Amino acid sequence: MASEMIVNHQEKAYALLQADADKILKLIKVQMDNLTMPQCPLYEEVLDTQMFGLSREIDFAVRLGLIEEQDGKAILDKLERELSSLHEASLKK
């Protein structure tokens, strides 16, 4: 039973971190579509702040043993690739 609880907490932690990464992506999409361009300091500040916050959440979850370090890095890497694709697409507009 205890191992089931640990697995459940690990799955929840991963799902919450992934949901936060998805929120960042959506926030940046909205900002790019409606408010500012990637060259704008506001865009950079929001992106930097959000990415820093997510990286700290991931670090905390890793330190608690809720997720593996490589899984946390994978979440950040995937988000960075998606944001890079968004940025490239916005430049082509």
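Note: the structure precedes this text.
In what follows, the accompanying structure is described. Every value quoted in this text rests on a predicted model; they were computed, and no experiment measured them. (Residues numbered from 1 in each chain as written. Predicted model: local features only at pLDDT ≥ 70, side-chain atom pairs only at ≥ 80, totals over all residues. Heavy atoms only, no water.)

1. What to know about the overall build of the chain
Let me state the cut-off plainly: Only DSSP runs of H or I covering at least 4 residues are called helices, and only runs of E covering at least 2 are called strands; the numbering of each starts at the N terminus. Burial classes follow relative accessibility: with a 1.4 Å probe on protein chains only, a residue under 20% of its type's maximum area counts as buried, one over 50% as exposed, and anything between as partly exposed. Contacts were defined at the residue level, with two residues in contact if any of their heavy atoms lie within 4.5 Å.
Assigned secondary structure in the chain consists of three helices and zero strands. Reading the chain from its N end, one meets helices and strands in the order α-α-α. Relative to its full complement of 93 residues, the chain shows a buried share of 27%. A separation threshold of at least 6 residues defines the contact pool for the chain, and within that pool the share at least 24 residues apart is 66%.

2. As for the nonpolar core
Spelled out, the test is: The definition of a nonpolar core used throughout is a set of buried Ala, Val, Leu, Ile, Met, Phe, Trp, Tyr and Cys residues joined through side-chain atoms within 4.5 Å.
One finds Leu 17, Ile 28, Met 51, Leu 54, Ile 58, Leu 79 and Leu 83 to be the most contacted residues of the largest nonpolar core, which totals 18 residues. Of all elements in the fold, only α1 (2–35), α2 (41–64) and α3 (69–92) reach the threshold of two or more residues within this core. Among the elements that make up this core, the one with the highest residue count is α1 (seven residues). Sequence-distant contacts of Ile 28, that is, excluding residues within four places in its chain, are made with Tyr 43, Val 46, Leu 47, Leu 83 and Leu 86.

3. With respect to the pattern of salt bridges
The test is simple: We define a salt bridge as a contact between a side-chain nitrogen of Lys or Arg and a carboxyl oxygen of Asp or Glu at a distance within 4 Å.
For the coordinates displayed, the defined rule picks out five salt bridges. Residue Lys 23 is joined to Asp 20 by a salt bridge in which the shortest nitrogen-to-oxygen separation is 3.9 Å. Here Asp 20 and Lys 23 lie together in helix α1, a separation of three residues that amounts to about one turn. Across the pair Glu 82 and Lys 78 runs a salt bridge, and its minimum N-O distance is 4.0 Å. With Glu 82 and Lys 78 both in helix α3 and four residues apart, this pair spans about one turn of that helix. Its relative accessible area of 27% is what places Glu 82 among the partly exposed residues. It is possible to trace a salt-bridge network through shared partners that takes in Arg 56, Asp 59 and Arg 63.

4. Notes on the environment of Gly 65
You can see Gly 65 is positioned in the loop between α2 and α3. Along the primary structure Gly 65 and Gln 10 are separated by 55 residues, whereas in three dimensions their C-alpha atoms are 8.0 Å apart.

5. Notes on the environment of Gln 18
Mapped onto the elements, Gln 18 comes out in helix α1. Once residues within four sequence positions are removed from consideration, Gln 18 is found in contact with Ile 75 and Lys 78.

Such coordinate-based values are descriptive only and should not be taken to indicate function.
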